[in-house]
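Next come the chains, spelled out residue by residue.
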Amino acid sequence: MGWRHLHVGRKGDNLTIQNRQVWREEWRWINAETVRLPDPMIGSDILSHMICEIGPKTRPARFAAVKLQSDLWSFYVPD
């Protein structure tokens, strides 16, 4: 599965993925899985992102997320 970068923002911002508000939903960390992806702030750094889902289990919105410095978060979505 490929991933594309979607967003860098602060916790609680208005990020939506597949019409779901990311910070207003409970994240499900899928089997404690991670994926190693570039840090969008420092492209040469590779970080382990949690693979998560939100929304109903029958039609989940999947994403990969990692906390960066200063309460910033980076999000990728499947390609």
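These notes cover the structure that comes with them. A quick note: this is a predicted structure, and the numbers were derived from the prediction, not measured. (Residues numbered from 1 in each chain as written. Predicted model: local features only at pLDDT ≥ 70, side-chain atom pairs only at ≥ 80, totals over all residues. Heavy atoms only, no water.)

Take the overall build of the chain next. Across its full length, the chain holds 0 helices and 7 strands. Listed by position from the N terminus, the elements making up the chain come as β-β-β-β-β-β-β. Taking 79 residues into account, the globule formula puts the C-alpha radius of gyration at 12 Å, and the chain, at 12 Å, falls close to it. Along the first, second and third principal axes, the C-alpha set of the chain runs to 35 × 25 × 20 Å. In the chain, buried positions account for 34% of the 79 residues. In the chain, 52% of the contacts between residues at least 6 apart in sequence involve partners at least 24 apart. Only carbon and sulfur atoms are counted for the fraction: they give 46% of the accessible area of the chain, which is about 5000 Å². Computed over 11 positive and 9 negative side-chain charges, the inter-centroid distance for the chain is 5 Å. (Helix = DSSP H or I, 4+ residues; strand = E, 2+ residues; numbered from the N terminus. Rg over C-alpha atoms; globule rule 2.2 N^0.38 Å. Buried < 20%, exposed > 50% of the residue type's maximum accessible area, 1.4 Å probe, protein only. Contact = heavy atoms within 4.5 Å. Areas by Shrake-Rupley, 256 points an atom, 1.4 Å probe, with all protein chains shown as cover. Lys, Arg positive; Asp, Glu negative; His and termini not counted. Charge placed at Lys NZ, Arg CZ, Asp CG, Glu CD.)

Moving on to the pattern of salt bridges. This structure, assessed with the given rule, holds 4 salt bridges. Here D71 makes a salt bridge to K67, at a shortest N to O gap of 3.9 Å. With a relative accessible area of 35%, D71 lands in the partly exposed category. The class for K67 is partly exposed, based on a relative accessible area of 49%. When salt bridges with common partners are traced through the structure, they connect R28, E53 and R62 into a single cluster. (Salt bridge = Lys/Arg side-chain N within 4 Å of Asp/Glu carboxyl O.)

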